[in-house]
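Residues per chain, in single letters:
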Amino acid sequence: MEYKMKLTDEQKAILDGRDGEVMAKVMQTVVMFGDIFGAEKLVPVTHKDGHLVTSFGIALMKPLFSTMDKLINAGIKTEGKFTVDPRPLDYSNVKCNLLEKLVFHIMYKRQSEYEEQLLKVGLRDKDAFTCTCYLDEVGNIPKKGDVLSWAESSAVVYANSVLGARCNRNSGMLDLFGSIVGYVPYFGLVTDEGRKAKWKVIIKTTKKPEAQVLGSAIGMKVMEDVPYVVGLDKYIGNELNDEAKAYLKDFGAATASNGAVGLYHIDGLTPEAVEYGEKLVLPDAKEYVIDDAELERVYNGYPVMWKKKDAKPALCFIGCPHLTFAQLCKWTEDIERTLAETGRRKVTVRTVMTASPQVKAKFMQTEYYARLIATGVKLSSICPLMYTNNPLTKGKAIITNSNKLRTYSVARYYMDEKILAVLCGKESE
Ligand code: F3S
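The following paragraphs examine the structure supplied in this document. (Residues numbered from 1 in each chain as written. Predicted model: local features only at pLDDT ≥ 70, side-chain atom pairs only at ≥ 80, totals over all residues. Heavy atoms only, no water.)

1. Quick look at the pattern of salt bridges
Part 1 of the argument: Tallied over the entire structure, the rule returns 27 salt bridges.
Part 2 of the argument: The salt bridge partner of Arg110 is Glu113, with a shortest N-O separation of 2.8 Å.
Part 3 of the argument: On the basis of relative accessibility, which here comes to 38%, the residue Glu113 falls in the partly exposed class.
Part 4 of the argument: Here Glu367 and Arg371 are joined by a salt bridge, their closest N and O atoms 3.1 Å apart. With Glu367 and Arg371 both in helix α15 (residues 367-374), this residue pair falls four residues apart, about one helical turn.
Part 5 of the argument: On the accessibility criterion, Arg371 (25% relative accessible area) is partly exposed. (Salt bridge = Lys/Arg side-chain N within 4 Å of Asp/Glu carboxyl O. Buried < 20%, exposed > 50% of the residue type's maximum accessible area, 1.4 Å probe, protein only. Helix = DSSP H or I, 4+ residues; strand = E, 2+ residues; numbered from the N terminus.)

The structure is reproduced here in structure tokens:
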């Protein structure tokens, strides 16, 4: 095989088949991927616990299943134990009619078989399905400076920005292959230069911006570039506490999905911004000023993709990315309070909140769980997008507070306050 990058003797030996033909192919794929992006070399993955984006056994993805079989037959596993994105199905908490069940059964026919394959290649356990693998409860937490082989865009942007780890926005399978060979190509967000900001974003709003609208505005403006955001610490503080981290989780997922951001710096808050300050901003960086009017413009620009534009919402998803424990508690309190104001006992729209299996288990041990369930809300660890992404559910009037879900589906985005009002019957749509 011809390649442009410089490889060590160890890497060349793997490529030449020292560890078998399948391992050589895995290495070949990683090297080819790096060559395409002009990587000069491979660097070791220092945080061995991977995170995979491909969590669903869609029957059409035959090459995925046969690649997994080849790895298993060759006795190949990842170096560490990996987590993976959420499952696409949860019949107990996300009710489906018979026709929907039939469609899901056909679509995700190979789900259990694929999960068995994942376990054989290095999946941590049967509860390792969440996009918020970096939360304390889940425990797949890289350190500052760690090099990773992850792919899920919301997890990559969080790891890079909030934890100061280093990872490119890899595609599915590359995340697995990097975790197997233990190397990733050295380019983009893995390098010091690639972590510099091409945009300086100045926040001039009169109040704390909604995380998912701010992230959307920045993502759509800077696309795949790195933004350095000033003026936000005024609203979310200078300490990476649970509240700030939850804000940045939702903000980052919106930057990554409404644009293609893999890393952002928040002045006075995120680790590299605290360490280097505005030295991270490139001299020719462009500027983007965000005020109330700009956020309003972005919010009003979201198209309504429902077939019947004024339909009554049939379903609401909250928790994409998965909610934190504190977010679940706050939603419970907010819904209870707003229901009391409207004199109702239960939400008026079928509502599903999603969180990792670990956060869900912790929450279920508190009195909050019974309180949330009493409002009519269901709690699941599903991926709302996987549930939404099929011909039947596409026709449903779904509302969400997730800008990622809005972008990749026909769900309609509302800010938290509006969602609360709709769910509790304060507003009809
Ligand atoms: Fe997570 Fe699925 Fe949303 S992976 S970020 S819940 S689309």
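2. What to know about the nonpolar core
Part 1 of the argument: Counting residues in each nonpolar core, the largest one holds 70 residues, and the members touching the most others are Leu214, Leu248, Phe251, Ile290, Ile335, Met353 and Leu423.
Part 2 of the argument: When residues no more than four places from it in sequence are discounted, the contact partners of Leu423 are Cys316, Ile318, Ile335, Val347, Thr348, Val349, Thr351 and Ile399. (Core = buried A, V, L, I, M, F, W, Y, C linked by side-chain atoms within 4.5 Å. Contact = heavy atoms within 4.5 Å.)

3. Some thoughts on the packing of helix α3 (residues 62-73) against helix α7 (residues 174-181)
If you want to describe how two helices pack, look at the angle between their axes and the distance between the axes.
Part 1 of the argument: The interhelical angle for the contact between α3 and α7, taken along N-to-C directions, is 10 degrees, at an axis separation of 13 Å. One element, α3, and the other, α7, form an angle in the roughly parallel class. Of α7, the residues touching α3 (which contributes Thr67, Met68 and Leu71) are Leu176, Phe177 and Ile180.
Part 2 of the argument: Residues belonging to the contact of α3 with α7 are distributed by class as follows: five nonpolar, one polar and no charged. (Axes fitted to C-alpha atoms, helices over the stretch in contact; angles between N-to-C directions. Parallel < 35°, antiparallel > 145°, perpendicular 65-115°, else oblique. Nonpolar A, V, L, I, M, F, W, Y, C, P; charged D, E, K, R; others polar.)

4. A few points about the state of the cysteines
Part 1 of the argument: Enumeration according to the criterion identifies zero disulfides in this entry.
Part 2 of the argument: Between Cys96, a cysteine without a disulfide, and Cys383, which holds the nearest cysteine sulfur, the sulfur-to-sulfur distance is 14 Å.
Part 3 of the argument: When its relative accessible area of 14% is taken as the criterion, Cys96 is described as buried.
Part 4 of the argument: Here Cys133 stays unpaired: no disulfide links it, and the sulfur of Cys131, its closest cysteine neighbor, is 8.3 Å away. (Disulfide = S-S within 2.5 Å.)

5. Describing the packing of aromatic side chains
Part 1 of the argument: Per the stated rule, a full pass over the model turns up 15 aromatic pairs.
Part 2 of the argument: Ring centres of Tyr302 and Tyr413 lie 5.8 Å apart, and the angle between their planes is 85 degrees; on these two criteria the pair is classed as edge-to-face. Of this pair, Tyr302 sits in the loop between α12 (292-300) and β9 (315-323) while Tyr413 sits in strand β13 (residues 412-413), placing them 111 residues apart in sequence.
Part 3 of the argument: What makes Tyr413 buried here is its relative accessible area of 4%.
Part 4 of the argument: In textbook terms, an aromatic cluster arises when at least three aromatic residues are bridged by ring pairs, as seen for Phe104, Tyr108, Phe317 and Tyr387.
Part 5 of the argument: Against the face of Phe129 rests Arg87, its NZ or CZ located 3.9 Å from the ring centre.
Part 6 of the argument: For Arg406, the ring lying beneath its charged end belongs to Tyr302, and the centroid distance is 3.7 Å. (Phe/Tyr/Trp six-rings, centres within 6.5 Å; stacked < 30°, edge-to-face > 60°. Lys NZ or Arg CZ within 6 Å of the ring centre and 35° of its normal.)

6. Looking at the sheet that holds strand β8 (residues 281-290)
Part 1 of the argument: Within the open sheet, the four strands sit side by side as β7-β6-β5-β8. Their pairing is parallel. Taken across any chain shown, the strands that pair with only one partner, and hence form the sheet edges, are β7 (265-266) and β8.
Part 2 of the argument: By the bridge criterion, two bridges tie strand β6 (residues 227-230) to β7 in an arrangement that is parallel. Along β7, the bridge assignment pairs Tyr228 with His265.
Part 3 of the argument: Along the sheet, helix α8 (residues 211-222) makes contact with β5 (197-203), β6 and β8, crossing β8 at roughly 130 degrees. (Pairing = 2+ DSSP bridges.)

7. What about the sheet that holds β9?
Part 1 of the argument: Spatial strand order, β11-β10-β9-β12-β13: five strands in an open sheet with parallel pairing. The sheet terminates laterally at β11 (378-380) and β13, the two strands that pair on one side only.
Part 2 of the argument: Where strand β10 (residues 351-355) and β11 come together, three bridges link them in parallel fashion. By the bridge assignment, Met353 is partnered in β11 with Leu379.

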